[in-house]
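Okay, here's what each chain looks like letter by letter:
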Amino acid sequence: MSERSPATVSTPSPVPYPGIPTSSDGSGAVAWVETHVTQGACAYPITSSTTMGAAYQTEVSNGKQNLWGDTLAFVQAESEHSAASTCEGFALAGGRVTNFTSGQGLVLMKEVLYTISGKRLPIVFHIGARALTSQSLNVHCGHDDVMSVADTGWGILFGRNAQEAGDLALICRRAAEFSETPFMNVQDGFLTTHTVENVRLCETEMMKAYVGDPNEKLRCLFDPLHPLMSGVVQNQDAYMKGKIAQRGFYDRVPAAVVEAMEKFHELTGRRYTLVDGYRMEDAEYALVGMGGMMETAAAAVDFLRAKRGLKVGVVHVTCFAPFPATQIVEILRHVKGFTVIERMDNPLAQSNPLAQAIKAAFADALSGLSYGSTGEFKYPVVTQLPKIYACCAGLGSRDVRAGHFISIFENMQSVAPRQFSVVGVKHPLALPDAEDPDLRPEGAFSMRGHSVGGFGSVTTNKLIASFVGELFNLNVQAYPKYGSEKKGLPTTYYLTVAREHVRTHSELEHVEFIPLNDVNAFNLGNPLEGIAPAGSVFIQSPHLDPHLVWRGIPAYGRKIIRNRKLRVYYLDTVKIAREIATDPDLQQRMQGVVLVGIFIKVTPFARESGMGDEQVLGAVEKYVRKYFGKRGEHVVEENLRCVKQGLKDVQEIPLEVIQAPDSGQDEIRSEEIVFAK
């Protein structure tokens, strides 16, 4: 069991395939793998997995061939159930196939998932884990969709970030084909699928060697020259014999996963284990969970050890199925207590799924039993049980912060700890709030933007993260606070730039730069909250006179700007977009890309690098083509002109205007400096 997340460790050198450094979200990392190693995908679009399917379908439209010269195919069926059935047929015919799904889509497939595993079809499905519709609809992150199908006979691996999503896609494929068992590669919906980070994409040569040619590895069960009955009716005389015989396949799965992980480490230098422990060597208390929030937990553990001297650790369960029972007991048996934190809640069960499985493992260990069909996995000696607590967090992408993990540790150490708790909401079961420190890497620079759906700001944020990470050799993390709302409603987006991997997967409350594409944000709360002293603000304004821009800021905003000595920039991005965009439907979106030029001017990265504007803009062009190239060369050129205009024309409100006493004149209403839709 490793003591660090693979994404937080520099790839050892030399290794045969260290990876291609770039930036991508989890969806892109998965699509990179699957468009190289599979022969086809059968999927039905559903949020938040849609971007994976769209990326695959784009490559199909381009006539892409996989690494062995097979032209990719994409089948979009009429439902998720039909998509899973099509994958089943594809695999029965000997093809290497994939699928991308989430939430209700995964649940709708459940009937077919049993038959895929029962027929020993080594398919890999990629899940953007999503909360299931219950008392309300939610399209955001939850693990209840995955847990609802955990009994279907599939292997299940969980990644914490974009790097792990891409790497585990390959590990799942190798393990699946070695064991003839289908696998699910799970990442947090939106929180990982749509978050841009630094990644190392696997080289094509590495992927080709690692998973092998599907035409040589996979069996065609529908070969007319060798006819075979599949999916037959079995009555009392045969069904149980066939079902129990499946154990012969499943008993090979743990070794297949371990072998795939070890081979991957040998080739890439990036290590994965069934259970990943962080600072557990002397831990007295621990947090146990799955997915992206466990990276935030690791940052909280570092803080508690450094500032409070507490012996605490984190355990990430990378492999939920096959369940690593003996490994979990081994890593947790010495602690006084641990809390299992899960992104779902099933109050009628004995415990939520992960906690229930861990309790069962400890009960077997304490009883002197073994694990596996024939008891082939021996538990370490356990003479007493740690206290096992449970907690719910992050349901529906509810923000999970470092302070929440600190509250959980404080609860375990209290005189009367709660056995079950929640964090992040007000409820009788909720733990009291604890200190919520800024756990970004030292010297990190963060941006929190306030915009409107349809203004192009979310794509712009990804574009900024992409070129900043590559050009300045920095670590980035960029994501929007997505909602189910459509165009025209407020949206918030975040970006952090640092010299180290950014582990905190939570909304930013400590920022150095706040662009206000939507100045109406002043009427919806305090958009300047959390800005650092001497930070910067950009305001979208139609005015050229800085006095008029200043008067348009509410009194409380002006007070914050003065007290924190903020620099305030302004520009009419709307006017620039209108003048440059020749497509009327792009005029609104192009105002967002103007922010790229403003970002270059306002932030310190270009200045500190010593690069000139042309060198920086050259890097920007690469990613403008990536995000907008499919719309045509004229759209690329117009976006580049918007970037250059933003860099050249953005203005700063002079210090004397900011420091001058207010005249008492009527303030310009903030909505007057918002683009009138």
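Just so we're clear, the structure is a prediction, and the values are computed from it rather than from any experiment.

Visitor: Now, about the sheet that holds strand β8 (residues 196-201): what can you tell me, with residues and values included?
Guide: What the nine strands build is an open sheet, ordered β1-β8-β19-β20-β18-β21-β22-β23-β24; its pairing is mixed. Looking at strand neighbours, the two that pair on one side only are β1 (20-24) and β24 (651-652), the edges of this open sheet.

Visitor: Would you mind going over the sheet that holds strand β12 (residues 319-321) in detail, with residue names and values included?
Guide: Taken in spatial order, the seven strands line up as β3-β2-β4-β5-β7-β6-β12 in an open sheet, and their pairing is mixed. Edge strands, defined here as strands with exactly one partner in the open sheet, are β3 (73-76) and β12. Within the sheet, the average angular offset between the axes of one strand and its neighbour, ignoring direction, is 20°. With two bridges joining them, strand β2 (residues 40-43) and strand β4 (residues 97-101) adopt parallel strand pairing. Its bridge partner being in β4, G40 is matched across the sheet by V97.

Visitor: Can you tell me about the nonpolar core, naming the residues and giving the values?
Guide: Membership of the largest hydrophobic core comes to 83 residues, with the highest contact counts inside it found for F125, L170, L332 and F338. When sequence neighbours within four positions are dropped, the list of residues in contact with F125 reads A84, C87, N99, M109, L113, I116, W154, F183, M184 and N185. Among the nonpolar cores identified, the runner-up in size contains 51 residues, and L463, I598, V602 and V650 belong to it.

Visitor: Can you break down the packing of aromatic side chains residue by residue, with the values?
Guide: Two aromatic rings, taken as a pair, are described by how far apart their centres are and by the angle between their planes. Scanning the entire structure with this criterion turns up 15 aromatic pairs. Judged by centre distance (5.9 Å) and plane angle (65°), the ring pair of F264 and Y272 falls under edge-to-face. Assessed through its relative accessible area of 0%, F264 is described here as buried. For Y272, a relative accessible area of 4% corresponds to the buried category. Counting every residue linked through ring pairs, the aromatic cluster contains F445, F472, F513, F599 and F605. The positively charged end of R120 is found above the aromatic ring belonging to Y250, 4.3 Å away from the centroid.

Visitor: Describe empty space enclosed by the protein, naming the residues involved and giving the relevant values.
Guide: The final tally for this structure, using the stated rule, is four cavities of 30 Å³ or more. What the largest cavity holds in volume is close to 120 Å³. Together, 14 residues line the largest cavity, and R401, P437, L439, T504 and S506 are the ones closest to its centre. For the lining of the largest cavity, the residue count by class is four nonpolar, four polar and six charged.

Visitor: How would you sum up the layout of surface pockets? Please name residues and give values.
Guide: In this approach a probe as big as a water molecule rolls over the atoms, and the regions it shows empty are the leftover space. For the second largest pocket, the calculated volume is near 1,700 Å³. Along the wall of the second largest pocket there are 50 residues; nearest its centre are R120, G153, K243, Q246 and Y250. Elements that contribute at least two residues to the lining of the second largest pocket include exactly α5 (110-118), α10 (239-245), α11 (247-250), α12 (253-268), β12, α14 (325-332) and α15 (353-367). Class assignment for the residues of the lining of the second largest pocket results in 26 nonpolar, 16 polar and eight charged.

Visitor: Outline helix α1 (residues 26-37), supporting the account with residue identities and numerical values.
Guide: Over its twelve residues, α1 runs 17 Å from end to end, which matches the ideal 16 Å to within 8%, given 1.5 Å per residue. Most of α1 sits inside the fold, with ten of its twelve residues counted as buried. Taken together, the buried positions of α1 are occupied by G26, S27, A29, V30, A31, V33, E34, T35, H36 and V37.

Visitor: Lay out unusual backbone geometry with the relevant residues and their values.
Guide: Omega for the peptide link from T47 to S48 comes to 5°, which places this bond in the cis form. In this chain, A321 is followed by P322 through a cis amide linkage whose omega measures 5°. Along the chain, the position of P322 falls in the loop between β12 and α14. Here S397, not a glycine, exhibits a phi torsion of approximately 65°, which is positive.

Visitor: Lay out the pairing of strand β5 (residues 124-129) in plain terms, naming residues and giving numbers.
Guide: Among the six residues that make up β5, six are buried, leaving the element largely enclosed by the rest of the structure. Neither face of β5 is open: one carries V124, H126 and G128, the other F125, I127 and A129, and all of them are buried. Sheet analysis places β5 next to strand β7 (residues 183-188), joined by six bridges and oriented parallel. Paired with I127 across the two strands is V186, which belongs to β7.

Visitor: Outline helix α13 (residues 293-308), supporting the account with residue identities and numerical values.
Guide: Along an α-helix, a turn takes 3.6 residues, which lines up residues three or four apart on a common side. Its 16 residues place the ends of α13 22 Å apart at the C-alpha level, agreeing with the 22 Å of an ideal helix rising 1.5 Å per residue. With 13 of 16 residues buried, α13 is to be regarded as a mostly interior element. Count one or two residues on from α13 and you reach G309, which has phi positive near 70°.

Visitor: Tell me about the pattern of salt bridges, residues and numbers included.
Guide: Throughout the structure, instances matching the rule amount to 35 salt bridges. For R270, the salt bridge goes to D167, with nearest N and O atoms at 2.8 Å. Taken together, the residues span a long stretch of sequence, with R270 in the loop between α12 and β9 (275-278) and D167 in helix α7 (residues 162-179) at a distance of 103 residues. Looking at R270, the relative accessible area reads 4%, which means it is buried. For D167, a relative accessible area of 1% corresponds to the buried category. A salt bridge links E637 to R625; the shortest N-O distance between them is 3.7 Å. In this pair, E637 sits in helix α24 (residues 633-649) while R625 sits in helix α23 (residues 613-628), placing the two residues twelve residues apart along the sequence. The partly exposed category is assigned to E637, whose relative accessible area is 36%. For R625, a relative accessible area of 33% puts it in the partly exposed group. Here the residues in one salt-bridge network are D399, R401, D436 and E509, joined through shared partners.

Visitor: I'd like a rundown of the packing of α1 against helix α2 (residues 50-61), residues and numbers included.
Guide: Packing of α1 against α2 brings their axes to within 9 Å, and their N-to-C directions diverge by 40°. Taken as axis vectors, α1 and α2 run oblique relative to one another. Helix-helix and strand crossings are classified by hand; for α1 and α2 the assignment is right-handed. Between α1 and α2, the contacting residues are S27, V30, A31, E34 and T35 on the first element and T51, M52, A55, Y56 and E59 on the second. By residue class, the composition of the contact of α1 with α2 is five nonpolar, three polar and two charged.

The rules behind each value
- Residues numbered from 1 in each chain as written.
- Predicted model: local features only at pLDDT ≥ 70, side-chain atom pairs only at ≥ 80, totals over all residues.
- Heavy atoms only, no water.
- Pairing = 2+ DSSP bridges.
- Helix = DSSP H or I, 4+ residues; strand = E, 2+ residues; numbered from the N terminus.
- Axes fitted to C-alpha atoms, helices over the stretch in contact; angles between N-to-C directions.
- Core = buried A, V, L, I, M, F, W, Y, C linked by side-chain atoms within 4.5 Å.
- Buried < 20%, exposed > 50% of the residue type's maximum accessible area, 1.4 Å probe, protein only.
- Contact = heavy atoms within 4.5 Å.
- Phe/Tyr/Trp six-rings, centres within 6.5 Å; stacked < 30°, edge-to-face > 60°.
- Lys NZ or Arg CZ within 6 Å of the ring centre and 35° of its normal.
- 1 Å grid on protein atoms, 1.4 Å probe; cavity = no way out; pocket = protein on both sides within 12 Å on 5 of 7 lines; lining within 4 Å.
- Points joined across faces, edges and corners; volume = space filled by probe spheres on them.
- Nonpolar A, V, L, I, M, F, W, Y, C, P; charged D, E, K, R; others polar.
- Expected span 1.5 Å × (residues − 1).
- Salt bridge = Lys/Arg side-chain N within 4 Å of Asp/Glu carboxyl O.
- Parallel < 35°, antiparallel > 145°, perpendicular 65-115°, else oblique.
- Left-handed = near helix turned anticlockwise from the far one by under 90°.

Spatial relationships are all this shows, so hold off on functional conclusions.
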